[in-house]
Amino acid sequence: MSDVATSEGLDWATARGMGALAQKMGMEFLEFSLERCVATLPVEGNTQPVGLMHGGAYVVLGESLGSMAANLHAGPGRLAVGVDINATHTRSATSGVVTGVCTPVHLGRSITVHEIVVTDDQGRRCSTIRITNMIKDAPAAR
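Residues numbered from 1 in each chain as written. Predicted model: local features only at pLDDT ≥ 70, side-chain atom pairs only at ≥ 80, totals over all residues. Heavy atoms only, no water.

A. Highlighting a nonpolar patch on the surface. Side chains of V83, I111 and M134 sit close together on the surface and give an oily, nonpolar patch of about 220 Å² of accessible area. Locating I111 in the fold gives a position in strand β5 (residues 111-119). By relative accessible area, which is 31% here, I111 ends up partly exposed. (Patch = residues over 30% accessible without salt bridge, like charges linked within 9 Å, V, L, I, M, F, W, Y side chains within 5 Å. Areas by Shrake-Rupley, 256 points an atom, 1.4 Å probe, with all protein chains shown as cover. Salt bridge = Lys/Arg side-chain N within 4 Å of Asp/Glu carboxyl O. Helix = DSSP H or I, 4+ residues; strand = E, 2+ residues; numbered from the N terminus. Buried < 20%, exposed > 50% of the residue type's maximum accessible area, 1.4 Å probe, protein only.)

B. Molecular detail of the UniProt feature "domain: Thioesterase" (unreviewed entry) in the protein. In the numbering used here, UniProt assigns the feature "domain: Thioesterase" (unreviewed entry) to residues 51-126. When the span residues 51-126 is considered, its composition is 26% helix and 45% strand, and the gap between its end C-alpha atoms is 15 Å. (UniProt positions renumbered as here; feature names shortened; annotations may be inferred.)

C. Broad picture of the side chain of N133. Tracing the backbone shows N133 in strand β6 (residues 125-137). A distance of 2.9 Å separates a polar atom in the side chain of N133 from the backbone nitrogen of G82. Setting aside chain neighbours within four positions, we find N133 in contact with G66, S67, A70, A80, V81, G82, V83, S110, I111 and T112. (Polar contact = N/O pair within 3.5 Å; in protein donor to acceptor, adjacent residues only side chain to side chain. Contact = heavy atoms within 4.5 Å.)

D. Highlighting the pairing of strand β1 (residues 28-32). Note: β1 against strand β2 (residues 37-42), four bridges, orientation antiparallel. The partner of E28 across the bridge, within β2, is T40. Adjacent in sequence and paired antiparallel, β1 and β2 are bridged by four residues. (Pairing = 2+ DSSP bridges.)

E. Local environment of helix α3 (residues 55-74). Helix length check: α3, at 20 residues, gives a terminal C-alpha distance of 28 Å against a target of 28 Å (1.5 Å per residue), a fit within 8%. With respect to burial, α3 is a largely interior element, 15 of its 20 residues being buried. Taken from the residues just after α3, G75 is the one with a positive phi, measuring 85 degrees. (Expected span 1.5 Å × (residues − 1).)

F. Structural context of the nonpolar core. Core analysis: the biggest nonpolar cluster contains 26 residues, and L41, M53, Y58, L61, L65 and V98 have the highest contact counts within it. Elements with a minimum of two residues in this core: α2 (20-25), β1, β2, α3, β4 (97-107), β5 and β6. Here this core gets seven residues from one element, more than from any other, and that element is α3. Beyond its immediate sequence surroundings of up to four residues, V98 is in contact with A39, T40, L41, V43, M53, Y58, L61, A93, V118, T119 and D120. (Core = buried A, V, L, I, M, F, W, Y, C linked by side-chain atoms within 4.5 Å.)

Next up, the structure:
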């Protein structure tokens, strides 16, 4: 992955915006290309009542990365929409930030599949997420 590709992808993602929910949760994109997307999410403010990272927060991180990556692949005039998501949580973060790394499993003309691995500050896997997106023509502007 070249720095130029990452820089252009990050510029694209920043210009598009990550959405109100991801922004409210404190998500930050670090890398963005067709081959690899990386973002962080703080644990603080995204926990269950007992202080553990909320499983839904892992899924928001994964869906944000996977959907944005699918839309980058789709290209101009096309739109990627999620049709399936699955998450397996294997560890609970309690402080710091978690990092999601999104890589493509399949990049097709009409379907994409991405895997997102979420780790804690010590590099321990907390969640594994798989998202499938359908690519279709973007609706005409009104």
